[in-house]
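Listed below, chain by chain, are the residues.
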Amino acid sequence: AQSVTQLDSQVPVFEEAPVELRCNYSSSVSVYLFWYVQYPNQGLQLLLKYLSGSTLVESINGFEAEFNKSQTSFHLRKPSVHISDTAEYFCAVSEPGGSQGNLIFGKGTKLSVKP
Amino acid sequence: SAVISQKPSRDICQRGTSLTIQCQVDSQVTMMFWYRQQPGQSLTLIATANQGSEATYESGFVIDKFPISRPNLTFSTLTVSNMSPEDSSIYLCSVEDPLAGREQYFGPGTRLTVT
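Computed from a prediction, not measured in an experiment: that's the story for all the values here.

## Focus: the state of the cysteines
- Evaluation of the coordinates by the stated rule reveals two disulfides over all chains.
- A disulfide bridge connects A:Cys23 with A:Cys91, and the sulfur atoms are separated by 1.9 Å. The sign of the S-S torsion, about -65 degrees, decides the handedness of the disulfide formed by A:Cys23 and A:Cys91: left-handed. Placement of A:Cys23 in the loop between β3 (19-21) and β4 (24-26) and of A:Cys91 in strand β10 (residues 87-94) is noted, with a sequence separation of 68 residues between them. Considered together, A:Cys23 and A:Cys91 belong to a single accessibility category, that of buried residues.
- Linked covalently through their sulfurs, B:Cys23 and B:Cys93 form a disulfide whose S-S length is 1.9 Å. Its S-S torsion of approximately 75 degrees makes the covalent link between B:Cys23 and B:Cys93 right-handed.

Structure below.
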């Protein structure tokens, strides 16, 4: 069965510092990969996704993630964070041929950006 | 993308009572999904709701405890029955875009506390 591991439950960083949120998945087949963000008291929003093609995907607010098949990872990075990036980030995986709704989530990483 | 609203946004309920959560989508969708997000845990799929048919429940979830209605293509309800403190969670509904690689759009969630 698929599983997603987010190694860090909390990541505190100072504003303008770089950050990496780690995500590893277990699957022996091809996958779709997602990062969702949940701002305080809001619902989940898609941040970025990997379906196929280029292994490096970017979001509109400066985050990027790289699909590494050999390491089964999809780490999320940002070179310089802002206070407004404070949120919880969830990594998720699904199989292209799997049943609809079969989106497996990690436990989330709380990013706290301090001034 | 789809815009999803949920009611109520939060509630505090007594043990043994039931709560019905409503989910409204701004477009017609075939399948809607209900998730539970327990404190400190990842999102777990409860069931998939198709319009005009019985909901499909994931392992560990049963219809008697979480009855679901899907009367039309834009609306669904989830009832949490005979609640106990262990049911305290955030409940989210979502819809999937089958043309976007299984990307799901989520509602803001309903934060339930059972005392």
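## Structural notes on the nonpolar core
- Counting 28 residues, the largest nonpolar core has A:Leu33, A:Trp35, A:Leu47, A:Leu48, A:Phe74, A:Leu76 and A:Tyr89 as its most contacted members.
- No other element matches the four residues that β10(A) contributes to this core.

## Description of the layout of surface pockets
- In this structure, the largest pocket occupies an estimated 760 Å³ of space.
- Taken together, 35 residues line the largest pocket, and the ones lying closest to its centre are A:Gln38, A:Glu88, B:Gln37, B:Ile90 and B:Arg111.
- Going through the elements one at a time, β2 (10-14), β10 and β12 (109-114) of chain A together with β9 (89-97) and β11 (110-114) of chain B are the ones with two or more residues in the lining of the largest pocket.
- For the lining of the largest pocket, a count of residues per class yields eleven nonpolar, 18 polar and six charged.

## Some thoughts on the pairing of β9(B)
Residue and element names in this part refer to chain B.
- With eight of its nine residues buried, β9 lies for the most part within the structure.
- By the bridge criterion, six bridges tie strand β4 (residues 31-37) to β9 in an arrangement that is antiparallel. Each residue of the ladder has a partner; that of methionine 32, found in β9, is valine 95.
- Two strands pair when backbone bridges link them, and β9 and β11 are joined in this way by three bridges, in the antiparallel orientation. Each residue of the ladder has a partner; that of tyrosine 91, found in β11, is threonine 110.

## Some points on the interface of chain A and chain B
- Tallying the contact residues gives 23 residues for chain A and 22 residues for chain B.
- On inspection of chain A and its partner chain B, the count reaches zero salt bridges.
- Applying the counting rule to chain A against chain B returns two residue pairs in polar contact (both at pLDDT 80 or more).
- Elements supplying a minimum of two residues to the side of chain A that touches chain B: β5 (32-38), β6 (44-50) and β10 of chain A.
- Here the side of chain A that touches chain B takes four residues from β5(A), the largest share from any one element.
- A class-by-class count of the residues in the side of chain A that touches chain B yields ten nonpolar, ten polar and three charged.

## Quick notes on the sheet that holds strand β1 (residues 4-7) of chain B
Residue and element names in this part refer to chain B.
- Pairing in this open sheet of four strands is antiparallel, and the strands run β1-β3-β8-β7 from one edge to the other. The outermost strands of the open sheet, each flanked by one partner alone, are β1 and β7 (68-72). Averaged over all adjacent pairs, the angle separating strand axes in this sheet is 15 degrees, with direction ignored.
- In this sheet, strand β3 (residues 19-25) lies alongside β1 in antiparallel orientation, the contact comprising four bridges. Note on β3: the bridge partner recorded for glutamine 6 is cysteine 23.

## Details of the packing of aromatic side chains
All names here are of chain A.
- One pass over the full model with this rule turns up eleven aromatic pairs over all chains.
- Ring centres of tyrosine 25 and phenylalanine 67 lie 6.4 Å apart, and the angle between their planes is 25 degrees; this geometry places the pair in the stacked category. A residue pair is termed long-range when its members are at least 10 positions apart, and tyrosine 25 in strand β4 and phenylalanine 67 in strand β8 (residues 64-68) qualify at 42 residues.
- Residue tyrosine 25 is classed as buried on the basis of its relative accessible area, which comes to 6%.

Parameters and conventions
- Residues numbered from 1 in each chain as written.
- Chains lettered and ligands numbered in written order.
- Predicted model: local features only at pLDDT ≥ 70, side-chain atom pairs only at ≥ 80, totals over all residues.
- Heavy atoms only, no water.
- Disulfide = S-S within 2.5 Å.
- Helix = DSSP H or I, 4+ residues; strand = E, 2+ residues; numbered from the N terminus.
- Buried < 20%, exposed > 50% of the residue type's maximum accessible area, 1.4 Å probe, protein only.
- Core = buried A, V, L, I, M, F, W, Y, C linked by side-chain atoms within 4.5 Å.
- 1 Å grid on protein atoms, 1.4 Å probe; cavity = no way out; pocket = protein on both sides within 12 Å on 5 of 7 lines; lining within 4 Å.
- Points joined across faces, edges and corners; volume = space filled by probe spheres on them.
- Nonpolar A, V, L, I, M, F, W, Y, C, P; charged D, E, K, R; others polar.
- Pairing = 2+ DSSP bridges.
- Contact = heavy atoms within 4.5 Å.
- Salt bridge = Lys/Arg side-chain N within 4 Å of Asp/Glu carboxyl O.
- Polar contact = N/O pair within 3.5 Å; in protein donor to acceptor, adjacent residues only side chain to side chain.
- Axes fitted to C-alpha atoms, helices over the stretch in contact; angles between N-to-C directions.
- Phe/Tyr/Trp six-rings, centres within 6.5 Å; stacked < 30°, edge-to-face > 60°.

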